[in-house]
Amino acid sequence: MNLEVMDTAQDDAPADSRSRESLDHREDFPNLRQLIGRHFANLWTKETALRRLPVLQWAPTYRLSSLLSDAIAGITVGLTSIPQSIAYATVANLEPQYGLYSNFMGSFVYGFLGSVKEITVAPTAVIALMVQQPVLDLGPAGAILLSFLSGCIMLLLGCFNFGFVVQFISMPVITGFITAAAITIISSQLKSLMGIASSGKSSGFVDAWVNLYENIGETRLWDSVLGFSSLALLILLTLVKGRGHGRWKVFTKYLCLLRNAMIVLSGGLIAYICSTQEVYPFKLTGKVASGLPSLELPPFETDHNGKHYDFIDMIRTLGSSVISVPLISILEIVSIGKAFSRGRLVDATQEMLSLGCCNVASSFVSSIPTTASFARSAINSSSGVVTPFGGVFTGVLVLLALGLLTDYFYFIPKTTLAAVIIAAMIFIIEYRAVAEMWRIKRIDIVPFLATVVSCLFLGLEIGIVVGIAVNLCFPLYLASRPRITHRVMNINEMTVLIVRPDSDLAFSSAEYFREKILKLVNCTLPQVVLIDGEWVKFVDSTVVRNLSSTVSDIRQQERHVLLWRWDKNVRSALYRFKKRKFMPLLKNEETAEMVIENWKPGYSNESYVNIV
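Values in this document were obtained by computation on a predicted structure and should not be read as measured data.

J.: Pulling in residues and values, what's your account of the side chain of His304?
T.: The residue His304 is located in strand E2 (residues 302-304) in this model. Of note is the side chain of His304, whose polar atom sits 3.3 Å from the side chain of Asn305. Residues contacting His304, with those up to four places away along its chain left out, are Val135, Leu136, Asp137, Leu138, Gly139 and Tyr309.

Set out below in structure tokens:
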């Protein structure tokens, strides 16, 4: 019997193509040499240079008006960034100057490599919180080395085009992580807001509230008064931003932009006036080391608490933070970039590369890990920034502060810094996103709550992993339960069951697909089962084996089976498994009626009933 002639699935194709397909069913593999060659060839194209060096895109059209706009935006961001950076250094259990050390090099580097003009790279509350434990274990050297390692990991991921990885982290997980981080930071700053000296076991959510409960009696009256009044004023200024009309609207806008600097300067002025009368009602920031940091290699060994750590010991002590910190940094910069992109595509790989360069370069000037700041990026946007070069002016202002103003930072009350941090965190919590999830798809609340609870009680690093794992269960479940439609028709006095999966089939869905078909067969009792593969473009070996078993099971019930409209690659996979069994079953007519009319009963089943 001529098996090649029996492949009626190729009615619409020329005879020579049918012959080639019936004879050659080998799986096509990519030519690795050609792929690698194309990849390296694309590295030296003009398009790649413009994509990887965004400065080449905006520099040729840069004008004086753009320079003035960038200068105004950069200086405005700097006035907000300086007090916040000092505050975030205290969150990380570091001396205040480390916040400023972390706030200029990233601005310079991103100014030339960044692709989103609104983004400002600096220390953030979330990253500062994640750096706490490395600082406790290794001192400042742990945070600096973590900046270097995070940058190297981001550069490595960017070089291998791993920007797609962020697509596996959904909006509910990101929202849950940001919410939990904000709640944790607020909890850790309550003691400073109330003037409590005890630091507790850690700044984690549970330990922060336990410490607050155990030491509530140490609350200082004037610290609490200044702290809560500063917090109320900051919230009020944020709420009135842009309200009113005309000049009043412009006034409230810029008043809000400068609110952090005003509160910190006002608190410092009050503390200084009190000190002239030899009265010290507040706990002060204290001496901030003046001058620029030295340019040196990141510390690959250190001594802390009387113990020497070599590089391997430091890596072991840093633990999971080596992975979690760059992951969170990438998430922050990509999500913030998307928020300000206004419909433009954000190149996640380019953001990885630019942020990696920022962290590697910053580690040479004693910086902690840095990433994009949502609050400062929002200020940058509202201030009219034109290009990423605005960050250069922010960096210059920070350098001036390090060289000229550090003596004045001594009198900044810690409670005002705590108020600045808490006010920022209150407005970072995405209340609207939670409401949107509840309104659009309530099931998204599950990964959101799982992320929040895990981050609060297990820590941020473990919490985001738990959130991602819970969220991935949903697409995995959907992949294992593809939608399968069916209909029953009477054609040529025969009952025909037509079954069609509406997506690709993989090992996770193989058994479900088989059980679904057999259940439908038992319910409808057809004479012919027509399995429609119109939407199936991929199958694996598990699916092929299960489909073979399904065909055999249906035949044992003395019913006929046909495979209709299956893709060429899928047919080839079936042929490679059992060519004589599947070749007479595959059909490709335009309609189900034509399939049954052209099919010869008994031709495909009785001749091959013993082929299993």
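J.: Can you tell me about helix H8 (residues 125-138), naming the residues and giving the values?
T.: Along an α-helix, a turn takes 3.6 residues, which lines up residues three or four apart on a common side. A rise of 1.5 Å per residue sets the reference length of H8, with its 14 residues, at 20 Å; its end C-alpha atoms lie 20 Å apart and thus fit the reference within 8%. Along its length, H8 reaches its greatest deviation from straightness, about 35°, at Val131, and the proline Pro134 lies no more than four positions downstream. Every buried residue belonging to H8 is among Ala125, Val126, Ile127, Ala128, Leu129, Met130, Val131, Gln132, Pro134, Val135 and Leu138, and all of these are buried. Gly139 lies just past H8 and shows a positive phi near 80°.

J.: Talk me through the pattern of salt bridges; I want residue IDs and the actual numbers.
T.: Under the counting rule described, the total for this entry stands at 12 salt bridges. Among the ionic pairs, Arg483 bridges to Asp502, the shortest N-O distance being 2.6 Å. In this pair, Arg483 sits in the loop between helix H23 (460-480) and strand E5 (484-491) while Asp502 sits in the loop between strand E6 (494-501) and helix H24 (507-524), placing the two residues 19 residues apart along the sequence. Residue classification places Asp502 among the partly exposed positions, given a relative accessible area of 25%. The salt bridge involving Asp502 is made with Arg500; its shortest N-O contact spans 3.5 Å.

J.: If you had to explain the layout of surface pockets to someone new, which residues and values would you point to?
T.: The calculated volume of the largest pocket comes to roughly 1400 Å³. In terms of lining residues, the largest pocket is bounded by 48 residues, among which Phe374, Ala375, Phe427, Ile428 and Glu430 are the most central. At nine residues, the largest contribution of residues to the lining of the largest pocket is made by helix H16 (residues 321-340). Broken down by class, the residue content of the lining of the largest pocket amounts to 32 nonpolar, nine polar and seven charged.

J.: Pulling in residues and values, what's your account of helix H11 (residues 205-214)?
T.: Taken together, the buried positions of H11 are occupied by Phe205, Ala208, Asn211 and Leu212. Projected down its long axis, H11 carries its buried residues within an arc of 135°, all on one side. Of the exposed residues in H11, those oriented more than 90 degrees away from the buried face are Tyr213 and Glu214. Residues of H11 that are buried sit in contact with helix H10 (171-193) and helix H22 (445-458).

Reading guide: rules and limits
Residues numbered from 1 in each chain as written. Predicted model: local features only at pLDDT ≥ 70, side-chain atom pairs only at ≥ 80, totals over all residues. Heavy atoms only, no water. Helix = DSSP H or I, 4+ residues; strand = E, 2+ residues; numbered from the N terminus. Polar contact = N/O pair within 3.5 Å; in protein donor to acceptor, adjacent residues only side chain to side chain. Contact = heavy atoms within 4.5 Å. Expected span 1.5 Å × (residues − 1). Bend = angle between axes of the 7 residues up to and from the residue. Buried < 20%, exposed > 50% of the residue type's maximum accessible area, 1.4 Å probe, protein only. Salt bridge = Lys/Arg side-chain N within 4 Å of Asp/Glu carboxyl O. 1 Å grid on protein atoms, 1.4 Å probe; cavity = no way out; pocket = protein on both sides within 12 Å on 5 of 7 lines; lining within 4 Å. Points joined across faces, edges and corners; volume = space filled by probe spheres on them. Nonpolar A, V, L, I, M, F, W, Y, C, P; charged D, E, K, R; others polar. Arc of directions from axis to C-beta.

Note that all results are geometric; they support no functional claim without further evidence.
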